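Close look at the chain arrangement
The primary structure of each chain is shown beneath.
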Amino acid sequence: MSSLPILDITAKCLEELLAWHQVHHPQLSAQWQPLYELRDRLHQSAWHIVVLGQVSRGKSALLNALYGEAIFPVGALHGTTQWPRTVRWHCQDQIVDLTDTPGLDEVAGSNRESMTWSAVETADLVLFVTQDSLTPVEYQARDRLNTLRIPHKLILTKADLYPPMAEGIAVSSTTGQGIPELRQLLQQWLQQEAPQARALRILHQASQVEQNLGAALGRQDTSAWSWLTAQMVGSLLLPGGFFDVVLAIISTLAYIRKACQAYAVPFPLPAFGSLSQFVLLWYAAIYLSSWQGLTFGSELWGVNTTVVLQGGVIFWGYQQIRRRLDPYLQQGYQWGHHGPQRLLQQLTQTRANVTASG
Ligand SMILES: Nc1nc2c(ncn2[C@@H]2O[C@H](COP(=O)(O)OP(=O)(O)OP(=O)(O)O)[C@@H](O)[C@H]2O)c(=O)[nH]1
Ligand SMILES: [Mg+2]
């Protein structure tokens, strides 16, 4: 892997991806526009730390304790914080945007909860605040953080009132217990882990954008039906099995080429070898299905059985080709040298190696 700083490598990956989409997928720009926002987030100089938790857990009081001043309103009543608010904080030599958020479980607070999750979406680190044990709502929120791959630290507030849990960092905003240690821990995390965490998180989001785009490309590519129809009609008109197979070869190659163009992956695909085994068998089936001796006489209840059999074989073949082709198209598109998935895989692997050797 290159020695460029990790955020620069990631930014380069997104730049290449954007350039690629501008050329190949201008018609689907709405799908890949979010990549611009992700690229801009990579370059932000301030780290974004967001507090998350149920109402009255002491989220605002915790941020005040970290900041060293009472800047966020604190209150005994549920729902003191009603919308996210961000304050710039200097954690020694690191610049941080600290965001306070409304609680997760407010009565009739779904709007506030969605504001909270929007803030969390752009976080580099989440301080997940609880007290003495996790409630079902908190388990759900933690699962969601894990699914979104958002780095988080479990903070047990009100340590002056509650016994500590087995996991988590115990602090008290009232007595100041554990606050200097938490500041120290955050500073260390920002210095050592934040760049990689941001890069991985943004690549994960970028690969989701890519997946949605891949699905949109798949929906847009309806060329299989036109080639299928062309081949069916051609087979009806052409005299025998040999010509049917020639027609099948032409139409499948044209169809696969068209699908590759739609996904902007190279043709022929590297996976063409394994697909070709199926296609060869299918050509044989088309040839045999045109052979009168295989069918039960040429007419059954007034219907030409050769036509029905051959039509069925062609239809089935197209379905199978599409089924076999889709993963390769998606994979080639997703994991190609422009793909964030590939970089994500490399970075995760590098991290695993570093952890193993350390
Ligand atoms: N004893 C003790 N009380 C605390 C501590 N932290 C917060 N509190 C109290 O807990 C109550 C809620 O604190 P907040 O910081 O407003 O809680 P919040 O999670 O921001 O609440 P919402 O904004 O309503 O979601 C207030 O009465 C605080 O004084 C603590 O460490 N120890
Ligand atoms: Mg609050």
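Notes on the structure in this doc start here. Within every chain, residues take consecutive numbers counted from 1 along the sequence as written. Chains and ligands are labelled sequentially in the order written, the chains with letters from A and the ligands with numbers from 1. Restriction of local features to residues with pLDDT of at least 70 applies here, the model being predicted, together with a cutoff of 80 or more for giving and counting side-chain atom pairs; totals for whole chains, interfaces and linings are based on all residues. The basis for every side-chain value is the complete set of heavy atoms in the structure, and neither hydrogens nor water enter the calculation.

1. A few points about the site of ligand 1
If you check the shell around ligand 1, you find 23 residues, and the closest are Lys-59, Ser-60, Ala-61, Gly-79 and Thr-80. Within 3.5 Å is the distance limit for a polar contact, defined as a pair of N or O atoms, with the added protein rule that one can donate a hydrogen and the other accept it, and that residues adjacent in sequence qualify only through two side-chain atoms. At a separation of 3.0 Å, an oxygen atom of ligand 1 approaches a polar backbone atom of Gly-58. Between ligand 1 and Asp-160, the relevant distance is 2.9 Å, taken from a nitrogen atom to a side-chain nitrogen or oxygen of the residue. It suffices for a single heavy atom of a residue to lie within 4 Å of a molecule or strand for the residue to be listed as near it.

2. Notes on unusual backbone geometry
The residue Ser-56 is not glycine, and still its phi comes out positive at about 60 degrees. Only runs of H or I of at least four residues qualify as helices and only runs of E of at least two qualify as strands under DSSP, and these elements are numbered from the N terminus. For Ser-56, the location among the structural elements is in the loop between β1 (47-53) and α4 (59-67). Think of it in three bands: residues with accessible area under 20% of the maximum for their type are buried, residues over 50% are exposed, and the middle band is partly exposed, with areas taken using a 1.4 Å probe on protein chains only. Judged by relative accessible area, which is 25%, Ser-56 ranks as partly exposed.

3. A look at the pattern of salt bridges
Whenever Lys or Arg places a side-chain nitrogen within 4 Å of a carboxyl oxygen from Asp or Glu, that contact is recorded as a salt bridge. This structure, assessed with the given rule, holds 8 salt bridges. In this structure, Glu-138 and Arg-57 form a salt bridge, with 3.3 Å as the shortest nitrogen-oxygen distance. Here the residue Glu-138 occupies a position in helix α6 (residues 136-147), and Arg-57 occupies one in the loop between β1 and α4, the gap between them amounting to 81 residues. Here Glu-138 and Arg-57 have matching classes, each one buried. Residue Glu-121 pairs with Arg-201 through a salt bridge whose shortest N-O separation is 3.8 Å. Highlighted residues: Glu-121 in helix α5 (residues 110-121) and Arg-201 in helix α8 (residues 194-220), separated in sequence by 80 residues. The class of Glu-121 is partly exposed, set by a relative accessible area of 29%. Connected through shared salt-bridge partners, Glu-15, Arg-39 and Asp-40 make up one network.

4. Details of the coordination of the magnesium ion (ligand 2)
Listed donor atoms are N, O and S within 2.8 Å of the metal (Na, K and Ca: 3.2 Å). As water is not included, a site may look incomplete. Within the protein, the atoms that donate to the magnesium ion (ligand 2) are Ser-60 (OG) and Thr-81 (OG1), at distances of 2.0 to 2.1 Å. Of the two residues, Ser-60 sits in helix α4 while Thr-81 sits in the loop between α4 and β2 (85-91), which places them 21 residues apart along the sequence. Side by side, Ser-60 and Thr-81 carry an identical accessibility label, which is buried.

5. A closer look at helix α1 (residues 6-24)
Helix span is expected to be 1.5 Å times the residue number reduced by one. With 19 residues, α1 ought to run about 27 Å at 1.5 Å a step, and its terminal C-alpha atoms sit 27 Å apart, in line with that. All of the buried residues along α1 are Ile-6, Leu-7, Ile-9, Thr-10, Ala-11, Cys-13, Leu-14, Leu-17, Leu-18 and His-21.

6. Regarding the nonpolar core
Definition used in this section: a nonpolar core is a set of buried Ala, Val, Leu, Ile, Met, Phe, Trp, Tyr and Cys residues joined via side-chain atoms within 4.5 Å. Counting residues in hydrophobic clusters, the biggest one holds 71 residues, and the most contacted among them are Leu-35, Leu-62, Leu-127 and Trp-282. Counting residues per element, this core draws most heavily on α8, which supplies 11 residues. Inspection of this core shows a minimum of three residues originating in each of domain 1 (1-43 + 194-358) and domain 2 (44-177). Excluding its chain neighbours within four sequence positions, the residues that come into contact with Trp-282 are Gln-231, Thr-252, Val-313, Ile-314, Trp-316, Gly-317, Tyr-318 and Ile-321. Listed in part, the 17 residues of the second largest apolar core include Val-50, Trp-117, Leu-145 and Leu-154. Either an automatic procedure or a domain database provided the assignment from which the domain bounds are taken. What makes two residues a contact is simply this: any of their non-hydrogen atoms within 4.5 Å.

7. A word on the sheet that holds β2
What holds strands together in a sheet is hydrogen bonding between their backbones, with the strands either parallel or antiparallel. Strands were regarded as paired on the criterion that DSSP finds at least two bridges between them. Taken in spatial order, the 6 strands line up as β2-β3-β1-β4-β5-β6 in an open sheet, and their pairing is mixed. The two strands at the open ends of the sheet, each matched to only one other strand, are β2 and β6 (169-170). Note that strand β4 (residues 125-130) and strand β5 (residues 152-156) share 5 bridges and pair parallel. Bridge assignment links Phe-128 to a residue of β5, and that residue is Leu-154. Axis geometry follows a simple rule: fit a line to the C-alpha atoms, using only the stretch in contact for helices, then measure angles between N-to-C directions, giving values from 0 to 180 degrees. Contacts between α4 and the sheet are confined to β1, β2, β3 (94-100), β4 and β5, with β3 contributing the most and set at about 160 degrees to the helix. Contacting β1, β2, β3, β4, β5 and β6, helix α7 (residues 179-192) crosses the sheet at an angle of about 85 degrees to β2.

Scope: geometric values only; no functional claims are made or implied.
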